[in-house]
Amino acid sequence: MRKLSDAERNRLSSRTRLVLGGRNPDEQFGFVNTPIYRGSTVLAPDAAALRRADARFTYGTHGTPTTEALEKAWSELSGAAGTALVPSGLAAITLALMSCVRAGDHILVTDSAYRPTRRFCDTVLARMGVETTYYDPYVGGDIASLMRPNTSAVLTEAPGSQSFEVQDIPAIAAAAHAAGALVLMDNTWATPLFFPPHERGVDLAIEAGTKYLGGHSDLLLGLVSANERALPGLRRTAEAFAMCAGPEDCFLALRGLRTMELRLREAERQGLALARWLEARPEVKSVLHPALESHPDHAIWKRDFLGASGLFSVVLHPVPEAAVDAFLDALALFGLGYSWGGYESLVIPFNCAGYRSATTWSPGGPALRFQVGLEDINDLTADLARGFDRLRDVAGLAGAAG
């Protein structure tokens, strides 16, 4: 089997590169997959080599063939100079932030960010003397007015966690770079397949590999990819923290990588189909899905994104909480659980109002976030229709919708 040159690989489609990335059968006795390497100690051949510490692998926390395979594959997919692996998506966010801040710094964080991100900024970073300002996700290039001489980083997330605002990442990146700040992005929703972060101006791209990379709800993993400017700081911080991802999780992530594009494109198809079905329901006030023409940020999504995943939210017309709970409890195919990106469908109720500070969350009704899995779409809509019948019964609404 002939090895492809870098130029040949770059001409291949993403589906093909996902199959090839991080694989070296010639180094694994011909076996297709890189095996799970467990271990802490790596033996040196002699004293001189031990003193030089320049071997490909020197200690378990510095990497193994398993972790190296995943890092290389993800860097290639992301268009990054390098990648660091950590045990969870939140660990990836914290590592990325810690790699570019120091005491006395100021950072800007989108008001729509993942809630645990806010908790880290408001507790750990605050204790370190790092000040956080939350900003309106629609600020765009006007973020320049929020920059200070000590602003070291701007954290973005597109679309926003739960509320699905789509930020103008290129405009934010241009303004941040002009002021000397690094741009970080939680890119878990789109993955690099549907939003190439470093091409769009992101210095540090954050991914919860727990979601679409794993794809089967059986691992916890985080990845931070960096461009040339941000990579030295990321590597120093990752080595200092030694937040090592588990070898089995890295192996499962490599396995998930091979089918990620197929699953993600099916999630896009399923998600859009369900979003359009929900948009036509009388109980639904609005559907927060950027790929829908009705979404206020559809134009930005269409300009910057290459696709959409299977995660979105809906806002119901006002009904009592008991009616929402009756709807949720009537569902047989949508599990009630956090996380997403797996093969199974999920739904959670949410209310962002209590953790917004730069903007106001007031959607005009109860909100639900849907993760659309790989079940048959007709089975999913039938399940939801039964749930809506129950909602209407408890809410005392006249008649059941078809």
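Residues numbered from 1 in each chain as written. Predicted model: local features only at pLDDT ≥ 70, side-chain atom pairs only at ≥ 80, totals over all residues. Heavy atoms only, no water.

Novice: Explain helix α6 (residues 115-127) to me, and be specific about the residues and the numbers.
Specialist: Its 13 residues give α6 an end-to-end C-alpha distance of 18 Å, which sits within 8% of 18 Å, the value for a rise of 1.5 Å per residue. The sharpest bend along α6 measures roughly 30° and falls at C121. Every buried residue of α6 is listed here: P116, T117, R118, F120, C121 and L125. Residues of α6 that are buried make contact with α5 (89-98), β2 (106-110), β3 (131-135) and β4 (151-157). Once α6 finishes, G129 follows within two positions and takes phi at roughly 85°, a positive value. (Helix = DSSP H or I, 4+ residues; strand = E, 2+ residues; numbered from the N terminus. Expected span 1.5 Å × (residues − 1). Bend = angle between axes of the 7 residues up to and from the residue. Buried < 20%, exposed > 50% of the residue type's maximum accessible area, 1.4 Å probe, protein only. Contact = heavy atoms within 4.5 Å.)

Novice: If you had to explain the nonpolar core to someone new, which residues and values would you point to?
Specialist: Counting 82 residues, the largest nonpolar core has L278 and F370 as its most contacted members. At 11 residues, helix α10 (residues 247-279) tops the list of elements feeding residues into this core. Built from parts of two domains, this core gets at least three residues from each of domain 1 (6-257) and domain 2 (261-395). With residues up to four places along the chain from it excluded, the contact list for F370 reads L278, G310, L311, F312, V314, F327, F334, L346, V347 and L384. Membership of the second largest hydrophobic core comes to 30 residues, among which are I93, M98, Y134 and L182. (Core = buried A, V, L, I, M, F, W, Y, C linked by side-chain atoms within 4.5 Å. Domains from an automatic or database assignment.)

Novice: A description of the pattern of salt bridges should follow, citing residues and the corresponding values.
Specialist: A full pass over the atoms with the stated rule returns 16 salt bridges. Linking D54 and R52 is a salt bridge whose minimum nitrogen-to-oxygen distance equals 3.2 Å. Residue R52 is classed as exposed on the basis of its relative accessible area, which comes to 51%. Salt-bridge contacts for E68 lead to K72; the nearest nitrogen and oxygen are separated by 3.9 Å. Within this pair, E68 and its partner K72 are both found in helix α4 (residues 65-78), separated by 4 residues, close to a single helical turn. For E68, a relative accessible area of 16% translates into the label buried. Among the charged side chains, a salt-bridge network with shared partners connects R56, E68 and K72. (Salt bridge = Lys/Arg side-chain N within 4 Å of Asp/Glu carboxyl O.)

Novice: Could you give me a rundown of the domain arrangement of the protein chain, with the residues and numbers involved?
Specialist: Put simply, an interface is often sized by how much accessible area is lost when its parts join up. Taken domain by domain, the protein chain comprises domain 1 (6-257) and domain 2 (261-395). Just the C-alpha atoms count here: the centres of domain 1 and domain 2 sit 28 Å apart. Taken residue by residue, the interface counts 41 residues in domain 1 and 41 residues in domain 2. Of the roughly 3,600 Å² buried at the junction of domain 1 and domain 2 (both faces included), carbon and sulfur atoms supply 59%. Where domain 1 meets domain 2, there are 2 salt bridges. D168 is the partner of R303 in a salt bridge, and the nearest nitrogen-oxygen pair spans 2.7 Å. (Buried area = accessible area lost by both parts, 1.4 Å probe.)

Novice: Before we move on, could you go through the sheet that holds strand β10 (residues 346-350) and cite the residues and values that matter?
Specialist: With antiparallel pairing, 4 strands are arranged side by side in an open sheet as β8-β9-β11-β10. Since the sheet does not close on itself, it has two edges, and those belong to β8 (284-288) and β10, each with one partner. Averaged over all neighbouring strand pairs, the angle between strand axes comes to 25°, with direction disregarded. Looking at chain direction, β10 and strand β11 (residues 367-371) are connected through 5 bridges and run antiparallel. Looking at β11, one finds that P349 is bridged to L368. (Pairing = 2+ DSSP bridges. Axes fitted to C-alpha atoms, helices over the stretch in contact; angles between N-to-C directions.)

Novice: Summarise the pairing of β2; cite the residues concerned and give the values.
Specialist: Side chains on a regular strand alternate between the two faces of the sheet. When you tally the buried positions in β2, you get 5 out of 5 residues, the bulk of the element. Here β2 shows a buried face lined by H106, L108 and T110 and a second buried face lined by I107 and V109. Bridging between β2 and β3 involves 5 bridges; their strand directions are parallel. Note that in β3 the partner of I107 across the bridge is T132. Where the polypeptide runs from β2 across α6 and back to β3, its parallel neighbour, the crossover connection is right-handed. (Right-handed = clockwise from strand over helix to strand, strands pointing away.)

Novice: So what's going on with the side chain of T94? Residues and values would help.
Specialist: In this fold, T94 is placed in helix α5. Judged by its relative accessible area of 12%, T94 is buried. Leave out the neighbours within four places in its chain, and T94 touches F120 and M243.

Novice: Just give me the short version of the packing of α4 against α10, but keep the residues and values in it.
Specialist: How two helices sit against one another is set out by the angle between their axes and by the gap between those axes. Viewed as axis vectors pointing N to C, α4 and α10 meet at an angle of 35°, and their least axial separation amounts to 9 Å. For the element pair α4 and α10, the recorded crossing hand is left-handed. Residues T66, T67, A69, L70, A73, W74 and L77 of α4 touch α10, and the partners they reach there are P247, C250, F251, A253, L254, L257 and M260. A breakdown of the residues in the contact of α4 with α10 according to their chemical character gives 12 nonpolar, 2 polar and no charged. (Left-handed = near helix turned anticlockwise from the far one by under 90°. Nonpolar A, V, L, I, M, F, W, Y, C, P; charged D, E, K, R; others polar.)

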